[in-house]
Amino acid sequence: MKNKSLIVLATSLASGLVLSFGATSVAVAQSATTIVVGADTTFPPFETETNGEVTGFDIDMIKAIAKAEGMTVSLKTLPFNGIIPSLQAGSIDAAVAGITIKTSRMQNVEFSDAYYKSGLSVLVKQDSDIKGFDDLKGHVVATKKATSSVDYLTGHGFAQDYIKQFQSIDAAYQALETGGADAVIFDNPVNVNFMTAHKDTKTVGPLLTGEYYGIAISKQKPELVEKINDGLAKIRQSGEYQKLFQTYFGGDTSGVVNDVQKPAAVAISG
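The structure displayed is predicted, hence computed values, not measured ones. (Residues numbered from 1 in each chain as written. Predicted model: local features only at pLDDT ≥ 70, side-chain atom pairs only at ≥ 80, totals over all residues. Heavy atoms only, no water.)

### Topic: the overall build of the protein chain
Phase 1 of the analysis: Broken down by element type, the protein chain carries ten helices and 15 strands.
Phase 2 of the analysis: Across the 270 residues in the protein chain, those meeting the buried criterion constitute 44%.
Phase 3 of the analysis: Put simply, 72% of the contacts in the protein chain that link residues at least 6 apart link residues at least 24 apart.
Phase 4 of the analysis: Approximately 13200 Å² of the protein chain is accessible, and the part contributed by carbon and sulfur atoms is 53%. (Helix = DSSP H or I, 4+ residues; strand = E, 2+ residues; numbered from the N terminus. Buried < 20%, exposed > 50% of the residue type's maximum accessible area, 1.4 Å probe, protein only. Contact = heavy atoms within 4.5 Å. Areas by Shrake-Rupley, 256 points an atom, 1.4 Å probe, with all protein chains shown as cover.)

Here it is as C-alpha cells:
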C-alpha cells in the first residue's frame, strides 16, 4: 500500500509539474508578441538596406515603439506598391515606408497617429533652368510608383507620357542624373538626403504639399492601433523619438510631430 501511495503521489507531482510548466510556456508565448512589419527599403533615410541589414528612421522607430509595448518586430521587405495588398491579405501586421496618410488608403488599412510631417519638392540638376513646379510643363518628371507624387502630377494635368514611374526612388534619381528625366518630384526629406550626397542637384521652389506619414496597420488587427499609438507616445515622452532626428536628419526637426495628430484630421485626399 505504501509503495502504491508513493507511486500515486509521484505521478500527481509529475502531472502538476507538467501542467505548471505548460502554463508557464503559454504565458511566455502570450507575453512575447511578435508583429510582422513590412518595409520598403528604397526610401532612405527612412528605410534602406545595406549588406542585408535594414536600417533607417522608420526601422528604429517601430522597434522602439514595439519594445515600449512589450512586443518584438519581425521585418519583411517588399516593394512599396505591395504594402497595402499585403496588409489587406494579412501577411503583415503593420508597415513603415514613409507612408502618407491618405483618404483612399484609409479605406483599406488603419493608420497610427502621424509621426512625421513632410511634403513634396522638386529636385533638378544644378544647371537646370527649372525654378519651380510651374516650369515643369513639357518636361519629363521622374518619381516612384504608387506614391502621392504620382497623384500630385496627374491631379495637376500631367500626361502619363511625361511621368516616368520607377519601382524605386533610386532609379528615378538615376534617370535625372543620366538625362532620362528633367526633374524628380518626391518627398522632400528624401530629395534633400539625395541632394546632400550629390552636389550637382538642387531643390527648387516651395514645398508642393503638406502631408503626414503614419504607420499603416492591417484592419484585421484593430487592437494593434492602440498599442502602436501608446508606444509612439511613450518614445516621444522618453526622448527616443526626438533623438532619431539627430541620427537621421542631422538635427533637422522640421518633420517633428509634437502633438497627437489623428489620421482623419491630417489625411490628404487621393
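Now that the structure is up, let's keep going.
### Description of the sheet that holds strand E15 (residues 216–217)
Phase 1 of the analysis: Spatially, E5-E1-E6-E15-E7 is the arrangement adopted by the five strands of the open sheet, whose pairing is mixed. Edge positions in the open sheet fall to strand E5 (71–77) and strand E7 (110–111), since each of these has one partner strand only.
Phase 2 of the analysis: Judged from the seven bridges that link them, strand E1 (residues 33–39) and E5 form a sheet pairing that is parallel. Considered in E5, the bridge of Gly-38 is made with Lys-76.
Phase 3 of the analysis: Contacts between helix H2 (residues 57–68) and the sheet are confined to E1, E5 and strand E6 (94–96), with E5 contributing the most and set at about 150° to the helix. (Pairing = 2+ DSSP bridges. Axes fitted to C-alpha atoms, helices over the stretch in contact; angles between N-to-C directions.)

### Focus on the confidence of the model for the protein chain
Phase 1 of the analysis: Mean pLDDT over the protein chain works out to 89, with 88% of the residues at or above the 70 mark.
Phase 2 of the analysis: For residues 1–31, every residue scores under 50 in pLDDT, and the model assigns this stretch one contact once sequence neighbours within four places are set aside. (pLDDT = per-residue confidence, 0-100.)

### Section: the pairing of strand E11 (residues 163–166)
Phase 1 of the analysis: Taken together, the four bridges between strand E10 (residues 141–144) and E11 define a ladder with parallel strand orientation. Bridging from a neighbouring strand, Ala-142 pairs with Lys-164 of E11.
Phase 2 of the analysis: In this fold, the crossover linking E10 to E11 by way of helix H5 (residues 148–155) has right-handed handedness. (Right-handed = clockwise from strand over helix to strand, strands pointing away.)

### Describing the sheet that holds strand E12 (residues 183–187)
Phase 1 of the analysis: Across the sheet, which stays open at both edges, the five strands sit in the order E11-E10-E12-E9-E13 with mixed pairing between neighbours. The outermost strands of the open sheet, each flanked by one partner alone, are E11 and strand E13 (201–204). Direction aside, the axes of adjacent strands within the sheet are offset by 30° on average.
Phase 2 of the analysis: Along the sheet face, helix H7 (residues 188–197) touches strand E9 (120–125), E12 and E13 and points at about 125° away from the line of E12.

### Description of H5
Phase 1 of the analysis: Ser-148, Ser-149, Val-150, Tyr-152 and Leu-153 are the residues of H5 that are buried.
Phase 2 of the analysis: Where H5 is buried, its residues contact helix H4 (103–106), E9, E10, E11, E12 and strand E14 (211–213).

### Points about the pattern of salt bridges
Phase 1 of the analysis: All chains considered together, the criterion is met by nine salt bridges.
Phase 2 of the analysis: Measuring nitrogen to oxygen at the nearest pair gives 2.2 Å for the salt bridge that ties Asp-40 to Lys-144. One end of the pair, Asp-40, is in the loop between E1 and strand E2 (42–43); the other, Lys-144, is in strand E10, with 104 residues separating them in the sequence. With respect to class, Asp-40 is no different from Lys-144; both count as buried.
Phase 3 of the analysis: Put simply, Lys-102 and Asp-151 hold a salt bridge, and the shortest N to O gap is 2.1 Å. Taken together, the positions of Lys-102 in the loop between E6 and H4 and Asp-151 in helix H5 put the pair 49 residues apart, joining distant regions of the chain.
Phase 4 of the analysis: Judged by its relative accessible area of 33%, Asp-151 is partly exposed.
Phase 5 of the analysis: Shared partners join several salt bridges into a network, and the residues in it are Glu-69, Lys-227 and Lys-234. (Salt bridge = Lys/Arg side-chain N within 4 Å of Asp/Glu carboxyl O.)

### Topic: the packing of H2 against helix H8 (residues 222–238)
Phase 1 of the analysis: Here H2 crosses H8 at 100°, and the two axes come no closer than 8 Å. Considering the angle they form, H2 stands roughly perpendicular to H8. For the pair H2 and H8, contact is made by Met-61, Ala-64, Ile-65 and Ala-68 and by Ile-228, Gly-231, Leu-232, Lys-234 and Ile-235, respectively.
Phase 2 of the analysis: Here the residues of the contact of H2 with H8 are counted per class, giving seven nonpolar, one polar and one charged. (Parallel < 35°, antiparallel > 145°, perpendicular 65-115°, else oblique. Nonpolar A, V, L, I, M, F, W, Y, C, P; charged D, E, K, R; others polar.)

### Things to note about the packing of aromatic side chains
Phase 1 of the analysis: A full pass over the atoms with the stated rule returns 21 aromatic pairs.
Phase 2 of the analysis: Clustering of aromatic rings is evident, with ring pairs tying together Phe-43, Phe-46, Phe-57, Tyr-115, Tyr-116, Phe-186, Tyr-213, Tyr-241, Phe-245, Tyr-248 and Phe-249.
Phase 3 of the analysis: When the ring centre of Tyr-241 is taken as reference, the NZ or CZ atom of Arg-236 above it lies at 5.3 Å. (Phe/Tyr/Trp six-rings, centres within 6.5 Å; stacked < 30°, edge-to-face > 60°. Lys NZ or Arg CZ within 6 Å of the ring centre and 35° of its normal.)

### Section: the nonpolar core
Phase 1 of the analysis: Of all hydrophobic cores here, the largest spans 61 residues; its most connected members are Phe-57, Tyr-115, Val-184, Ile-215 and Tyr-241.
Phase 2 of the analysis: Of all the elements, H2 adds the most residues to this core, at seven residues.
Phase 3 of the analysis: Apart from the residues within four sequence positions on either side, Tyr-115 is in contact with Phe-57, Asp-58, Met-61, Gly-98, Tyr-213, Gly-214, Ile-215, Leu-232, Arg-236, Tyr-241, Gly-255 and Val-257.
Phase 4 of the analysis: The next biggest cluster of nonpolar side chains, apart from the first, holds 15 residues, and it includes Ile-130, Val-141, Phe-158 and Ile-163. (Core = buried A, V, L, I, M, F, W, Y, C linked by side-chain atoms within 4.5 Å.)

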